[in-house]
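Residues per chain, in single letters:
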Amino acid sequence: MLFGELVKALAAIESTTQRTVMVKILVSLLKKAGPGEVDRVVYFILGDLRPPWEGVELGVAEKLCLRALSKATGASVRDLEALYKRTGDVGEAARRAAAQSKRPGLLALAQQRPLEVSDVYDTLLKVARAAGEGAQDMKVSLLASLFARASPDEAKYIARFVVGKLRLGVADMTIIEALSEAFGVSKEALERAYRVRPDMGYLARHVAERRPLEDVKIAPGTPILPMLAQRLSSPSEILSKLGGAAVCEYKYDGERAQIHIGGGLVKVFSRRLEDITHAYPDVVKAVREAVTASEAVLEGEIVAVDPDTGDMLPFQELMHRKRKHEVAAAMETYPVVLYLFDVLYVNGRDLTSEPLIYRRVALSEIARETEKVQIAKWRVFDGPDGIDTFFHEAISLGAEGLICKSPASAYEMGARGWNWIKYKRDYKSEMIDTVDLTVVGAFYGRGKRAGLYGAFLMAAYDPGTDAFYTVCKVGSGFTDADLKKLYDALQPYRIPHRHPRVVSKMEADVWFAPRVVLEIIGAEITLSPLHTCCLGAVRPGVGLAIRFPRFTGRYRTDKSPEQATTPAEMLELYRRQKKVAAQAE
Ligand code: ATP
C-alpha cells in the first residue's frame with residue numbers, strides 16, 4: 001500500500017467531526033491494506049510501532065526530527081526551528097519545509113519512487129532500534145532518507161508520528177469496530193480476542209488472514225486484560241452478591257503484577273499492561289526460584305516490606321522502583337514480596353474458565369512459598385461471621401482490606417463484575433500522639449539483625465487487672481546501635497515463658513518480665529484480632545493495635561512499666577484519632 005494512501009486517510013480522519021465517518025474511513029483503509037500490511041497500518045494509526053508493552057520507542061525529540069528535515073530539505077536547522085516556533089506544530093513545519101525544499105530534484109525523486117507503508121514502517125523500526133554509539137546520527141540519517149522521499153503531506157505525518165504527536169483520537173475500540181465491519185467478524189468475538197491478546201496489530205492481521213478468532217489464545221509474553229473488582233461495604237451484602245460463600249483474600253497494598261513465564265524468560269506487567277520487568281529484577285529471580293512451571297501466567301501484588309522485619313509497608317515505598325537508576329539500590333533498601341493470588345495459564349493450558357478454587361489449588365501446586373514469593377492469605381467463609389475479624393487482621397498487618405471472590409467463578413478478563421468484590425474502609429485514621437509501651441517479648445532478627453532481636457512485642461498496662469495487654473509487634477525505627485543496646489538491656493529480664501502478668505495471643509520467640517518502656521508511634525490505631533489490648537471493647541473478638549508501628553528513638557527510662565500507656569488511653573486515642581478520607585479510587 002502506498003504511504004500516500006494512508007496519509008490521505010489520516011487527513012480525512014483529522015478533518016471529520018463525526019465518529020461514524022471516522023470509522024468508515026478506517027474500514028475502507030483496512031480493506032485496502034490487506035493481510036500483508038494491515039498490522040503496520042493499524043500500529044501507525046495508533047501512533048505506535050509495536051504494542052505498548054514491547055517498549056519500542058523511537059527516541060526522537062523535536063530537535064532530532066528537525067535535524068533530519070534539514071538534512072533532507074537543505075533548510076537550515078535554525079530556519080526550521082523558527083518555522084516550528086511559528087506554526088507550533090512539527091508536522092506543519094515539516095510539510096512547509098518539504099514543499100519549499102531547496103534540494104533539486106527532490107520532488108522528482110519522490111514521484112519516481114513513492115513511499116510504501118512498509119518503507120516508512122520498516123525504516124521507523126530501524127530508527128527505534130538504533131542504539132549505542134552513533135545512534136543519534138544513525139536516527140537522523142534514516143529519518144532524512146524518509147523525508148527526502150516524502151511528499152509535503154507525507155512529511156507532515158511522519159514528523160508528527162516520530163515526535164509522538166499524531167493524536168488522531170483513534171483508540172483500540174475504534175479499530176475493533178472498523179475491523180469488525182471491514183472483515184465481517186462479530187464485534188463481540190473481536191472484543192473477547194482483544195481481552196486475551198490486546199495487540200491491535202496482531203488482531204488486525206489475524207482477521208485479515210481470515211483466521212478464526214477462537215484461535216486467539218493466551219500467549220506468555222503478551223499481557224491479558226486483568227479482572228477487576230466491584231466494591232461493597234458490608235460482609236452480608238458481599239456474601240449475598242456472591243451466593244452465600246466467599247473466598248476472602250487479603251487486599252495487599254502494592255502494585256498489581258501479571259507475571260509471564262515462557263521461553264526461558266520471566267516478565268512482569270503492570271495493571272495498565274506496561275512491561276515493568278526492569279523495576280523488579282529481584283521479583284524475576286524469586287519467581288524463577290519459586291515457580292516450577294516452564295510456562296505460566298500468574299497474578300499477584302508486589303508489596304514493599306521492611307528489610308529488617310519483613311513487615312508490609314505502604315505502597316508509596318514502591319516509588320523508589322520507578323526511577324531506573326535507583327532500582328539496584330532500592331532492591332536493598334526497599335525489598336519486596338510478591339503475593340500471588342491467581343494463575344491463569346500453565347504449560348499450554350488456559351485455566352481462566354476453571355473455578356477460582358481450582359485455580360487456587362493449581363497455584364499452590366506450581367508455586368513454592370519462599371521468603372520473597374508468598375501465596376496471598378485467604379480463607380473461605382460461608383457466612384458473614386468472621387469476615388470482619390479477618391478484615392481487621394488484614395488492615396492491622398498493613399493490607400488495605402479484603403477482596404472477596406466467588407469460589408466458583410471463572411477469571412473474567414478485563415471485566416469489573418460481581419465475582420470479585422473489594423471490601424475496604426472509606427476512611428483512614430491518623431494516630432495523633434505517641435504512646436509509651438512496655439517490651440514483653442521479642443522475635444529473633446534475620447539478615448543483618450541475626451543474633452539480635454529483630455522486633456519486639458509491646459504492651460499497654462492496665463492498672464485495673466494489673467496486667468499487660470499487647471498492642472503491636474514493632475521492628476521499625478531502630479538503629480543498629482539501638483538493637484544492640486536493647487539486646488543487652490533486656491538480658492536480665494529474660495524468662496523462659498510468657499510472664500504471668502502478660503496477656504498475649506501472639507507467641508514471641510523470647511519472653512521478658514515487663515521492665516523496658518519505649519516510645520512508639522504508628523500510622524493509626526486499628527482494630528485487630530491479633531492483639532489483646534481492649535479486646536472486645538469496640539467489637540467482640542478484636543482488640544486494638546498500632547498499624548505500621550515505629551520506635552521514635554526515645555527510651556522512656558523515666559517511666560516504670562506501670563506508668564506506661566493504659567488500654568483506656570489507647571481506646572481514647574482510637575476514638576479521638578483524626579479521620580482522613582481514604583485515597584481516591
Ligand atoms: P481497579 O484496579 O479496581 O480499577 P484500583 O487500581 O484503585 O482499582 P482497587 O480498586 O483499590 O484498585 O483494588 C483492586 C486492586 O487490588 C487490584 O488491581 C490489585 O492490584 C489489588 N489486589 C491486592 N490484593 C489482591 C487480591 N488478593 N486479589 C485481587 N486483587 C488484589
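Residues numbered from 1 in each chain as written. Predicted model: local features only at pLDDT ≥ 70, side-chain atom pairs only at ≥ 80, totals over all residues. Heavy atoms only, no water.

Asks: Before we go on, may I ask you to explain the sheet that holds strand β9 (residues 378-381) in this structure?
Replies: Each strand in a sheet pairs with its neighbour through backbone hydrogen bonds, running either in the same direction (parallel) or in the opposite one (antiparallel). Spatially, 5 strands are ordered β1-β11-β10-β2-β9 in an open sheet, and the strand pairing comes out mixed. At either end of the open sheet lies a strand with only one pairing partner, and these are β1 (228-231) and β9. Between one strand and the next, the sheet's axes are offset by a mean angle of 35°, whatever the strand orientation. Across 5 bridges, the pairing between strand β2 (residues 246-251) and strand β10 (residues 401-405) is antiparallel. Its bridge partner lying in β10, Val-247 is registered against Lys-405. The strands that helix α17 (residues 387-396) touches are β2, β9, β10 and β11 (416-424); relative to β10, the one it contacts most, it runs at about 135°. (Pairing = 2+ DSSP bridges. Helix = DSSP H or I, 4+ residues; strand = E, 2+ residues; numbered from the N terminus. Axes fitted to C-alpha atoms, helices over the stretch in contact; angles between N-to-C directions. Contact = heavy atoms within 4.5 Å.)

Asks: Help me out: how do you make sense of the site of the ligand in this one?
Replies: Around the ligand, the structure places 15 residues, and the nearest of them are Arg-271, Glu-301, Arg-416, Lys-422 and Lys-424. In the model, a nitrogen atom of the ligand is placed 2.8 Å from a nitrogen or oxygen of the Glu-249 side chain. Interatomic distance of 3.0 Å between a side-chain N/O atom of Arg-256 and an oxygen atom of the ligand. Computed on the free molecule, the ligand has an accessible area of 600 Å², of which 85% lies beneath the protein chains in the complex. Grouping the amino acids of the shell around the ligand by side-chain chemistry returns 6 nonpolar, no polar and 9 charged. (Near = heavy atom within 4 Å. Polar contact = N/O pair within 3.5 Å; in protein donor to acceptor, adjacent residues only side chain to side chain. Areas by Shrake-Rupley, 256 points an atom, 1.4 Å probe, with all protein chains shown as cover. Nonpolar A, V, L, I, M, F, W, Y, C, P; charged D, E, K, R; others polar.)

Asks: When you look at the packing of aromatic side chains in this model, what are you seeing that I'm missing?
Replies: Each pair of aromatic rings is reported with the distance of its centres and the angle of its planes. The tally for this structure, following the rule as stated, stands at 17 aromatic pairs. Consider the rings of Phe-341 and Trp-420, whose centres lie 6.1 Å apart with planes at 80°: the pair is edge-to-face. Placement of the pair is Phe-341 in strand β6 (residues 336-346) and Trp-420 in strand β11, with a sequence separation of 79 residues. This pair shows no difference in class: Phe-341 is buried, exactly as Trp-420 is. Aromatic pair Tyr-453 and Tyr-487: ring centres 4.8 Å apart, planes at 40°, arrangement tilted. A residue pair is termed long-range when its members are at least 10 positions apart, and Tyr-453 in strand β14 (residues 453-462) and Tyr-487 in helix α18 (residues 480-490) qualify at 34 residues. Tyr-453 sits in the buried class, given a relative accessible area of 0%. The structure contains a cluster of three or more aromatic residues connected by ring pairs, namely Tyr-444, Tyr-453, Phe-456, Phe-478, Tyr-487, Phe-512, Phe-551 and Tyr-555. The ring of Trp-418 carries the charged tip of Lys-241 above its face, separated from the ring centre by 4.4 Å. The ring of Phe-390 carries Arg-379 above its face, with NZ or CZ at 5.3 Å from the centroid. (Phe/Tyr/Trp six-rings, centres within 6.5 Å; stacked < 30°, edge-to-face > 60°. Buried < 20%, exposed > 50% of the residue type's maximum accessible area, 1.4 Å probe, protein only. Lys NZ or Arg CZ within 6 Å of the ring centre and 35° of its normal.)

Asks: For this particular structure, what's the right way to read the domain arrangement of the protein?
Replies: Parsing the protein into structural domains produces domain 1 (3-162), domain 2 (228-424) and domain 3 (435-584). Once you take the C-alpha centre of each, domain 1 and domain 2 turn out to be 42 Å apart. (Domains from an automatic or database assignment.)

Asks: Help me out: how do you make sense of the packing of helix α1 (residues 3-15) against helix α2 (residues 19-45) in this one?
Replies: Each packed pair of helices is defined by two parameters, the angle between the axes and the distance between the axes. Direction vectors running N to C along α1 and α2 enclose 140°, while the axes themselves pass 10 Å from each other. For the pair α1 and α2, the sense of crossing is left-handed. Taking contact as the criterion, the partners of Phe-3, Glu-5, Leu-6, Ala-9, Leu-10, Ala-12 and Ile-13 in α1 are, on α2, Met-22, Ile-25, Leu-26, Leu-29, Lys-32, Val-41, Phe-44 and Ile-45. For the contact of α1 with α2, a count of residues per class yields 13 nonpolar, no polar and 2 charged. (Left-handed = near helix turned anticlockwise from the far one by under 90°.)

Asks: Explanation requested: helix α8 (residues 135-149) in the structure shown.
Replies: Note on helix geometry: an α-helix contains 3.6 residues per turn, so any two residues three or four positions apart are oriented the same way. Given a rise of 1.5 Å per residue, 15 residues ought to cover 21 Å, and the 22 Å separating the end C-alpha atoms of α8 matches this to within 8%. For α8, the set of buried residues is Ala-135, Lys-139, Val-140, Leu-142, Leu-143, Ala-144, Leu-146, Phe-147, Ala-148 and Arg-149. (Expected span 1.5 Å × (residues − 1).)

Asks: Looking at this model, I keep getting lost on the pattern of salt bridges. Mind explaining?
Replies: Pairs can form between side chains of opposite charge once their charged atoms are near each other. For the structure on display, the rule yields 41 salt bridges. Where Lys-484 meets Asp-488, a salt bridge forms, and the shortest distance between an N and an O atom there is 3.0 Å. One end of the pair, Lys-484, and the other, Asp-488, are both in helix α18, 4 residues apart, so they sit about a helical turn from each other. Taking relative accessible area as the criterion, Lys-484 reaches 44% and is therefore assigned partly exposed. Through salt bridges with shared partners, a single network forms among Asp-436, Glu-519, Arg-554, Arg-556, Asp-558 and Lys-559. (Salt bridge = Lys/Arg side-chain N within 4 Å of Asp/Glu carboxyl O.)

Asks: Would you mind going over a nonpolar patch on the surface with me for this structure?
Replies: Together, Ile-357, Val-361, Trp-378 and Val-380 make up an exposed nonpolar region whose accessible area comes to about 320 Å². Residue classification places Trp-378 among the partly exposed positions, given a relative accessible area of 32%. (Patch = residues over 30% accessible without salt bridge, like charges linked within 9 Å, V, L, I, M, F, W, Y side chains within 5 Å.)

Asks: Help me out: how do you make sense of the side chain of Asp-199 in this one?
Replies: Relative to the helices and strands, Asp-199 is located in the loop between α11 (187-196) and α12 (200-208). Look at Asp-199: it is buried, it has no salt bridge, and the nearest opposite charge is Arg-50 at 4.7 Å. The residues contacting Asp-199, other than those within four sequence positions of it, are Tyr-43, Pro-51 and Trp-53. (Lys, Arg positive; Asp, Glu negative; His and termini not counted.)

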